[in-house]
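Summary of structural features
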Amino acid sequence: MISAIQPLLRVGLAAFAVALVLPAVPLEREARAFIGHWLVVTFIILLGWSCTAAITLASDYYLRRPGIDFSGDPLGRKHLTQIRVLRRVASTVVVLVTVAAALMTFESVKQYGVSLIASAGAAGLVVGLAARPLLTNLFAGIQIAITQPIRIGDAVIVENEWGWVEEITSTYVVIKIWDWRRMVVPLSYFLDRPFQNWTRQSSDLIGSVMLWVDYTVPVTRIRAKLEELVQASRLWDGQVVNLQVVDSSERALQLRALVSARTSPEAWDLRCEVREKLIAFLQEQHPGALPKQRAELIPAEAAGLPGRERANPI
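Keep in mind the model is a prediction, meaning the values are calculated, not measured. (Residues numbered from 1 in each chain as written. Predicted model: local features only at pLDDT ≥ 70, side-chain atom pairs only at ≥ 80, totals over all residues. Heavy atoms only, no water.)

Observations concerning helix H8 (residues 264–285)
Relative to the 32 Å expected for 22 residues at 1.5 Å per residue, H8 spans 31 Å between its end C-alpha atoms, a close match to the ideal helical length. Buried positions along H8 lie against strand E1 (155–158), strand E2 (161–168), strand E6 (205–213), helix H7 (219–232), strand E7 (236–248) and strand E8 (253–261). (Helix = DSSP H or I, 4+ residues; strand = E, 2+ residues; numbered from the N terminus. Expected span 1.5 Å × (residues − 1). Contact = heavy atoms within 4.5 Å.)

Structural data, given as structure tokens:
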């Protein structure tokens, strides 16, 4: 912590030393006033710098507390998101107040302030319109930190892209997509548009595997094989495993296997593993249960075609 505030201490001590020796230095009145004015500006900047340093140190100290899991525990990720977002918002507000306070020390601003009221209104309107995206995202950051629609580490689907919330700043969110690309999204997006959060309440997920099979498939044996596969897998969390016939057509049945895992990446890997091994089981043990298209051979005479037979699909 001391190393983080060493530059602040050095600048503060130097400014304090200059302020102490300034009355004893033989300078003209204008020069002494000029140096004194910039000392005031320096102390204002140091005060703002001290506030941001205090915010950073306090948040880092809070995040280093033992007993908090920021990787898998939803409560831990909630605290991590709140602290980081609120820290950035508070630092931004401190910087804005510090700059405003430093500018107000200049006499030119006070002297011409009354005469510039009319033009300041137009200028304020222009500045307000220009700063609208920044202010929108700033207030969106405060709302996200309080309501928690997303947290760092959440698995989300944004703009039809699946990934994890990697970073939340005071103006934007970085989504790490499954293929390691990064999508940068404004904070206001998560308040104005719908999106999917797969880990809002917990990181546990249920994955589904869809299979089309023939009507002759032994569903009971497939269900038993599914239970055997997930029990032998390290990805299964031991909660949900089920097989159902969910659809049928004139040619095949559709089976849906439901399996659960602790996290979204493990749920994806478990789905791929179950799909691959169930297909291999059908190929080895029940090849006749794979989808097929049937055809019936009709004698040529019955079909009205002399001298040959016709294949009639069923």
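Structure shown, so let's carry the discussion forward.
Quick notes on a nonpolar patch on the surface
The grouping of Phe 16, Leu 20 and Phe 43 at the surface amounts to a nonpolar patch, some 310 Å² of accessible area in total. Structurally, the position occupied by Leu 20 is in helix H1 (residues 2–21). The class for Leu 20 is exposed, based on a relative accessible area of 56%. (Patch = residues over 30% accessible without salt bridge, like charges linked within 9 Å, V, L, I, M, F, W, Y side chains within 5 Å. Areas by Shrake-Rupley, 256 points an atom, 1.4 Å probe, with all protein chains shown as cover. Salt bridge = Lys/Arg side-chain N within 4 Å of Asp/Glu carboxyl O. Buried < 20%, exposed > 50% of the residue type's maximum accessible area, 1.4 Å probe, protein only.)

Some words on the pairing of E7
Pairing analysis gives 8 bridges linking E7 to E8, with the strands arranged antiparallel. Following the sheet pairing, Ser 248 is matched in E8 by Leu 253. Between E7 and the antiparallel strand that follows it, E8, lie 4 residues. (Pairing = 2+ DSSP bridges.)

Overview of the pattern of salt bridges
Summed over the entire model, instances satisfying the criterion amount to 9 salt bridges. In this structure, Arg 181 and Asp 179 form a salt bridge, with 2.8 Å as the shortest nitrogen-oxygen distance. Among the residues examined, Arg 181 registers a relative accessible area of 41% and is labelled partly exposed. The exposure class of Asp 179 is partly exposed, given its relative accessible area of 30%. Between Glu 228 and Lys 225 there is a salt bridge, with its nearest N and O atoms 3.6 Å apart.

Considering the packing of H7 against H8
The contact between H7 and H8 brings their axes to 10 Å, and the two run at 135°. Compared by their axis directions, H7 and H8 come out oblique. In this structure, the crossing between H7 and H8 has a hand that is right-handed. Here Arg 221, Ile 222, Lys 225, Leu 226, Leu 229 and Val 230 of H7 lie close against H8, whose contacting residues are Val 274, Lys 277, Leu 278, Phe 281 and Leu 282. In terms of residue class, the contact of H7 with H8 is built from 8 nonpolar, no polar and 3 charged. (Axes fitted to C-alpha atoms, helices over the stretch in contact; angles between N-to-C directions. Parallel < 35°, antiparallel > 145°, perpendicular 65-115°, else oblique. Left-handed = near helix turned anticlockwise from the far one by under 90°. Nonpolar A, V, L, I, M, F, W, Y, C, P; charged D, E, K, R; others polar.)

Side note on helix H2 (residues 29–63)
End to end, H2 covers 51 Å across 35 residues, agreeing with the expected 51 Å (1.5 Å per residue, within 8%). Regarding H2, the residues found buried are Leu 39, Val 41, Ile 44, Leu 46, Gly 48, Thr 52, Ala 53, Ser 59 and Leu 63.

Re the nonpolar core
Grouped together as the largest cluster of nonpolar side chains are 25 residues, with contacts concentrated most on Val 217, Ile 222, Leu 226 and Val 274. When sequence neighbours within four positions are dropped, the list of residues in contact with Leu 226 reads Val 241, Asn 242, Leu 243, Ala 257, Val 259, Val 274 and Leu 278. By size, the runner-up hydrophobic cluster in this structure holds 22 residues, among which are Leu 63, Ile 144, Val 158 and Ile 168. (Core = buried A, V, L, I, M, F, W, Y, C linked by side-chain atoms within 4.5 Å.)

Examining unusual backbone geometry
Although it is not a glycine, Glu 159 adopts a positive phi angle of roughly 55°. Inspection of the secondary structure assignment puts Glu 159 in the loop between E1 and E2. Positive phi values are uncommon outside glycine, yet Trp 180 reaches one of about 75°. Residue position: Trp 180 is located in the loop between strand E3 (172–177) and strand E4 (182–186).

Points about the confidence of the model for the chain
Looking at the chain, pLDDT values average 78 and 78% of them are 70 or higher. Within the chain, H7 carries the highest mean pLDDT (94), whereas strand E10 (residues 310–313) carries the lowest (54). Long-range and interchain partners of residues 111–127, a stretch whose pLDDT sits below 50, account for 0 contacts in this model, where long-range means more than four residues apart. (pLDDT = per-residue confidence, 0-100.)

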